[in-house]
Amino acid sequence: PEPPHEELLGFYDRLRERVLGAVERHGGRFSEATVEALLLVPDIFLLLVRLSLDRRVPPRARALIVGAMAYFILPFDLLPEAVLGPVGYLDDLVLAAAVLSQVFGGELDTYSRVHWTGTHELPRVIERLTSSAEALLGQGLYGRLRRLLERHGVHLKR
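Small disclaimer: the values here were computed from a predicted structure and weren't measured.

*Asks:* So what about the overall build of the chain? Which residues, and what values?
*Replies:* A count of helical and extended segments in the chain gives 9 helices and 0 strands. For the chain, the N- to C-terminal ordering of α and β elements is α-α-α-α-α-α-α-α-α. Rg of the C-alpha trace for the chain: 15 Å, near the compact-globule value of 15 Å for 158 residues, within the 12% margin. Considering only C-alpha atoms, the chain reaches an extent of 40 × 40 × 30 Å along its principal axes. The 158 residues of the chain split such that 49% are buried.

*Asks:* Give a description of the side chain of T34 that names residues and reports values.
*Replies:* Checked against the element boundaries, T34 lands in helix α2 (residues 32-53). For T34, the residues in contact, after removing those within four places along its chain, are L90 and L136.

*Asks:* Let's hear about α2: which residues, and what values?
*Replies:* The terminal C-alpha atoms of α2, which comprises 22 residues, lie 33 Å apart, in line with the 32 Å expected from a rise of 1.5 Å per residue. Of all the bends in α2, the largest measures some 35° and sits at V41, one to four residues before the proline P42.

*Asks:* Could you give an account of the nonpolar core, with specific residues and numbers?
*Replies:* Grouped together as the largest cluster of nonpolar side chains are 54 residues, with contacts concentrated most on I44 and F72. Of all the secondary-structure elements, those providing two or more residues to this core are α1 (4-26), α2, α3 (59-73), α5 (90-104), α7 (122-131), α8 (133-137) and α9 (139-151). In terms of residue count, the dominant contributor to this core is α2 (12 residues). Other than its neighbours up to four places away in sequence, F72 contacts F11, L15, V41, I44, F45, L48, E81, Y89, D92, L93 and A96.

*Asks:* I'd like a description of the packing of α3 against α5, backed by residues and values.
*Replies:* Following both chains from N to C, one finds α3 and α5 inclined at 175°, their axes separated by 9 Å at the closest point. Looking at the two axes, α3 sits roughly antiparallel to α5. Here A61, L64, I65, A68, Y71 and F72 of α3 come into contact with α5, specifically with D91, D92, L93, L95, A96, V99, L100, V103 and F104. For the contact of α3 with α5, the per-class residue count stands at 13 nonpolar, no polar and 2 charged.

*Asks:* Can you lay out α7 for me, pointing to particular residues and giving the numbers?
*Replies:* Turning to α7, its buried residues are L122, V125, I126, L129 and T130. Considered in projection along α7, the buried side chains sweep an arc of 120° and stay on one side of the axis. Away from its buried face, by an angle of more than 90 degrees, α7 presents the exposed residues R124 and E127. Residues of α7 that are buried sit in contact with α2, α5, α6 (109-115) and α8.

Reading guide: rules and limits
Residues numbered from 1 in each chain as written. Predicted model: local features only at pLDDT ≥ 70, side-chain atom pairs only at ≥ 80, totals over all residues. Heavy atoms only, no water. Helix = DSSP H or I, 4+ residues; strand = E, 2+ residues; numbered from the N terminus. Rg over C-alpha atoms; globule rule 2.2 N^0.38 Å. Buried < 20%, exposed > 50% of the residue type's maximum accessible area, 1.4 Å probe, protein only. Contact = heavy atoms within 4.5 Å. Expected span 1.5 Å × (residues − 1). Bend = angle between axes of the 7 residues up to and from the residue. Core = buried A, V, L, I, M, F, W, Y, C linked by side-chain atoms within 4.5 Å. Axes fitted to C-alpha atoms, helices over the stretch in contact; angles between N-to-C directions. Parallel < 35°, antiparallel > 145°, perpendicular 65-115°, else oblique. Nonpolar A, V, L, I, M, F, W, Y, C, P; charged D, E, K, R; others polar. Arc of directions from axis to C-beta.

The following block contains the structure:
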């Protein structure tokens, strides 16, 4: 069997293909903010994988990061990908941004220099995602995600 990180990287490749395909086929139906967010999904997932494997990340932070990864992978969440396609990753993305924001606070630089593959500065990406979460998800879904996160000690900043 493949090592767990190889399976996760395979998931990353499939995720990237699905997101890029959806943006190419249906991008005109999405707002600019939604397209920008969707294009971040694979890079945020890869960051979670890399951080989960980095032994320098404190254990409590790693546990929350692994939980965020599980939320990405599990088929049943607030916006199920099986039903909605790649748009279903928006709640996963917001959840991951909230977790990263909380576990690292303003101290993402050390890790982002090593693990971040995105083209924009990671702290700005996280800030933009958490501040636009309600607009991306809608008020009702945003409230449900916020309550889910709070049950696990993570606060979604506006």
